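Coordinates in review
These are the residues of each chain, in order.
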Amino acid sequence: MSIDVRNPSPGTSSYLTMRGKAADSTVQPSSHDECAALSDQELLELLVDKQRVALEVLYQRYSGAIYSLAMHMLRDRGAAEEVVQDAFLNVWRRASSYRSDRGKVAAWLFSVGHHRIIDELRKRKRRDQTTLVPDIEAVHQTEDEAADPSKYTDQQMQRSRIKDALQLLRPEQRNVVVLAYYGGLTHTEIAEKLNQPLGTVKTRMRLALKKLRETMGSEAREWVDGR
Amino acid sequence: MMSCKRVDEFLAPYVLGSLEQRDLSRFNHHVDRCQACAQKVSEAGDTLVDLASAVPQKRVPERVKQQLLARIDRETLRQTEWLSPWLDAVRGLGNRLALHPDIPLALAVVAVLVLTGLWYSRSIQDVDDLKASLEAQMVSAVQSEEELRDMLRQQRDLTHRMATEPDLTIKTLSAAMPTVPISGDENPAGMILVSTRDTTATISAMNLPQLSTDQVYQVWLIKKGGLEITTGTFAVDSAGYGQTDINITSPLEDFIAILITIEKAGASSGRTGESILHADL
């Protein structure tokens, strides 16, 4: 089937038009290959219409990164697999709750996954009264080479930049980022753990994020923005 | 509702997923209604992507995808199963009506049932509305309490500084033009505390009017000769109180006055608003 992908306006779901037919005659892409050419935003609009193939393509794009984050934070393969399933099931159920003015689809997907991981960490904490200590040095230690070597190289470079950016932070700023993002602690818990005032923790977080954004710059996110 | 200043304070914890649940709902409530803050959240989202992709990459086992798709299929099937008895019942009712000789009576029964259902649905809606209203009042009360706590903390810090820093210069900021008072009959007022040890100063202002989301209060230092230098912006809470720290790049003696004006959000490069508060230095 020949399709023409247009730039959709926010909130519209009919943007795929068969060539040679009237403009209001819309079709949904039926194959995985057709969907693979669409942007994240377009896929999400298909997802609102419960097009399962759109979920499969988003899964192909982001499940690895969310699984890796879950493995890093939970250190439990079974729990990480469950987190990935739950996160994408949530995306399937709540696609209509995504708001483009609040950020890119990738950021929303990672946010859904990250919150699910944090839920799991907090459940464990309540159950075991123990906390996994996040390990900044473990960031970027080992890699599973992806099937696509060029994509793998791009991602390697991307991660290297992020690691460098994290290393550029002051130790106390890096600590709060690692404890918050990779350790799943709330800012109140971090203040208690580090024995620092809450305001100090929030200031360190703010300065750390500012520095990360300045260091990373926009060119470092091409592998996500290019979708 | 949470103020824009408060959203700024919570933006980093939000991005890092470390915001407490009670703050998260108020944060979302504000951002859903404030375009400027939504833009800040959107920009900060890139950092979230960076951090998520910084960890060692693992390949997700193929069975996870199969299990996910199976869960989706089961869920879709359950939804269909939930609907089917109702569809069958409607179909059965239709068949019986068609066969029954007393169809008008049956239709009247159905009409009564429908009207009863509508009345019941409306009652439930009223209860929902009341619940939503009480929840909104609760959120507002919690916010006021937090703002009050913030204000007291800031006032305590200022008092502490005044008591312990002997080299502190304090100037009173007074209303520079007639304004509409926002609490009782009180006009805007404030003070500036300048430390002679370093280049910082703290401005504390009260009874300032609430601004729209595309406006901010902006601080200006006036040099000898009339040159106006901007040193920052700030917002006020729902009681009209605001506080900000500024850097002074030259000795205090180089300046003759300080002004606070209302400018467009994001700060103006040159002063456009009339002075709301001022002090001679």
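The notes below deal with the structure included here. Predicted model only: the values in this text are computed from it and were never measured.

When its secondary structure is counted, chain A shows 10 helices and 2 strands. Ordered by position from the N terminus, the helices and strands of chain A form the series β-β-α-α-α-α-α-α-α-α-α-α. Expressed as a percentage of its 227 residues, the buried residues of chain A come to 49%. Excluding contacts between residues fewer than 6 apart, the proportion of contacts in chain A whose partners are at least 24 apart in sequence is 55%. A total of about 10,900 Å² of accessible surface is found on chain A, and carbon and sulfur atoms cover 46% of it.

Looking only at helices and strands, chain B features 5 helices and 8 strands. Put simply, chain B runs from its N terminus to its C terminus through helices and strands in the order α-α-α-α-α-β-β-β-β-β-β-β-β. Among the 281 residues that make up chain B, the fraction classed as buried is 38%. Contacts in chain B between residues far apart in sequence, at least 24 positions, make up 62% of those at least 6 positions apart.

Moving on, we get to the nonpolar core. Counting 89 residues, the largest nonpolar core has Leu47 and Tyr182 of chain A together with Phe27 of chain B as its most contacted members. Here the element with the most residues in this core is helix α3 (residues 52-74) of chain A; it accounts for 15 residues. Ile203, Leu221, Leu252 and Phe255 of chain B belong to the second largest nonpolar core, which has 21 residues in total.

Between chain A and chain B, the contact holds 64 residues from the first and 47 residues from the second. Counting the surface chain A buries against chain B, the share from its top three residues, Tyr59, Gln85 and Arg102 of chain A, is 14%. At the surface where chain A touches chain B, the tally comes to 10 salt bridges. On the surface where chain A and chain B come into contact, there are 18 residue pairs in polar contact (both at pLDDT 80 or more).

When its volume is computed, the second largest pocket comes out at roughly 830 Å³. For the lining of the second largest pocket, the secondary structure elements donating two or more residues are α4 (77-94) and α5 (105-128) of chain A together with α1 (4-15), α2 (21-31) and α3 (35-52) of chain B. Examining the composition of the lining of the second largest pocket, we find that 10 residues originate from one element, α5 of chain A, more than from any other. In terms of residue class, the lining of the second largest pocket is made up of 11 nonpolar, 12 polar and 9 charged.

Once that is clear, we can look at unusual backbone geometry. Residue and element names in this part refer to chain A. Phi is positive for Lys50, close to 60°, though the residue is something other than glycine. Residue placement: Lys50 occurs in the loop between α2 (40-48) and α3. Looking at Lys50, the relative accessible area reads 41%, which means it is partly exposed.

With that settled, the discussion passes to helix α7 (residues 171-182) of chain A. In this model α7 of chain A runs 15 Å from its N-terminal to its C-terminal C-alpha over 12 residues, within 8% of the 16 Å that 1.5 Å per residue would give. In the stretch just after α7 of chain A, Gly184 of chain A is the one whose phi turns positive, near 70°.

Residue and element names in this part refer to chain A. Following the criterion strictly, the structure yields 6 aromatic pairs over all chains and no others. Ring plane angle 90° and centroid distance 5.1 Å describe the contact between Tyr181 and Tyr182, whose orientation is recorded as edge-to-face. In this structure, Lys50 is placed above the aromatic ring of Trp92, and the distance from its NZ or CZ to the ring centre is 4.7 Å.

Residue and element names in this part refer to chain B. With antiparallel pairing, 8 strands are arranged side by side in an open sheet as β5-β4-β7-β8-β1-β2-β3-β6. The sheet terminates laterally at β5 (228-234) and β6 (242-247), the two strands that pair on one side only. Averaged over all neighbouring strand pairs, the angle between strand axes comes to 20°, with direction disregarded.

Along the chain, Glu20 of chain B turns up in the loop between α1 and α2. Those residues in contact with Glu20 of chain B, other than ones at most four positions away along the chain, are Thr186, His187 and Thr188 of chain A.

Here we come to the pattern of salt bridges. Under the defined criterion, the tally for this structure stands at 26 salt bridges over all chains. Close ionic contact of Lys104 of chain A with Asp46 of chain B constitutes a salt bridge, the shortest N to O distance being 2.9 Å. With Lys104 of chain A in the loop between α4 and α5 and Asp46 of chain B in helix α3, the pair connects residues from two separate chains. Since its relative accessible area comes to 36%, Lys104 of chain A is described here as partly exposed. Look at Asp46 of chain B and you get buried, because its relative accessible area is 15%. Note that Arg153 of chain B is salt-bridged to Asp150 of chain B, the shortest N-O span being 3.6 Å.

About the criteria used
Residues numbered from 1 in each chain as written. Chains lettered and ligands numbered in written order. Predicted model: local features only at pLDDT ≥ 70, side-chain atom pairs only at ≥ 80, totals over all residues. Heavy atoms only, no water. Helix = DSSP H or I, 4+ residues; strand = E, 2+ residues; numbered from the N terminus. Buried < 20%, exposed > 50% of the residue type's maximum accessible area, 1.4 Å probe, protein only. Contact = heavy atoms within 4.5 Å. Areas by Shrake-Rupley, 256 points an atom, 1.4 Å probe, with all protein chains shown as cover. Core = buried A, V, L, I, M, F, W, Y, C linked by side-chain atoms within 4.5 Å. Buried area = accessible area lost by both parts, 1.4 Å probe. Salt bridge = Lys/Arg side-chain N within 4 Å of Asp/Glu carboxyl O. Polar contact = N/O pair within 3.5 Å; in protein donor to acceptor, adjacent residues only side chain to side chain. 1 Å grid on protein atoms, 1.4 Å probe; cavity = no way out; pocket = protein on both sides within 12 Å on 5 of 7 lines; lining within 4 Å. Points joined across faces, edges and corners; volume = space filled by probe spheres on them. Nonpolar A, V, L, I, M, F, W, Y, C, P; charged D, E, K, R; others polar. Expected span 1.5 Å × (residues − 1). Phe/Tyr/Trp six-rings, centres within 6.5 Å; stacked < 30°, edge-to-face > 60°. Lys NZ or Arg CZ within 6 Å of the ring centre and 35° of its normal. Pairing = 2+ DSSP bridges. Axes fitted to C-alpha atoms, helices over the stretch in contact; angles between N-to-C directions.

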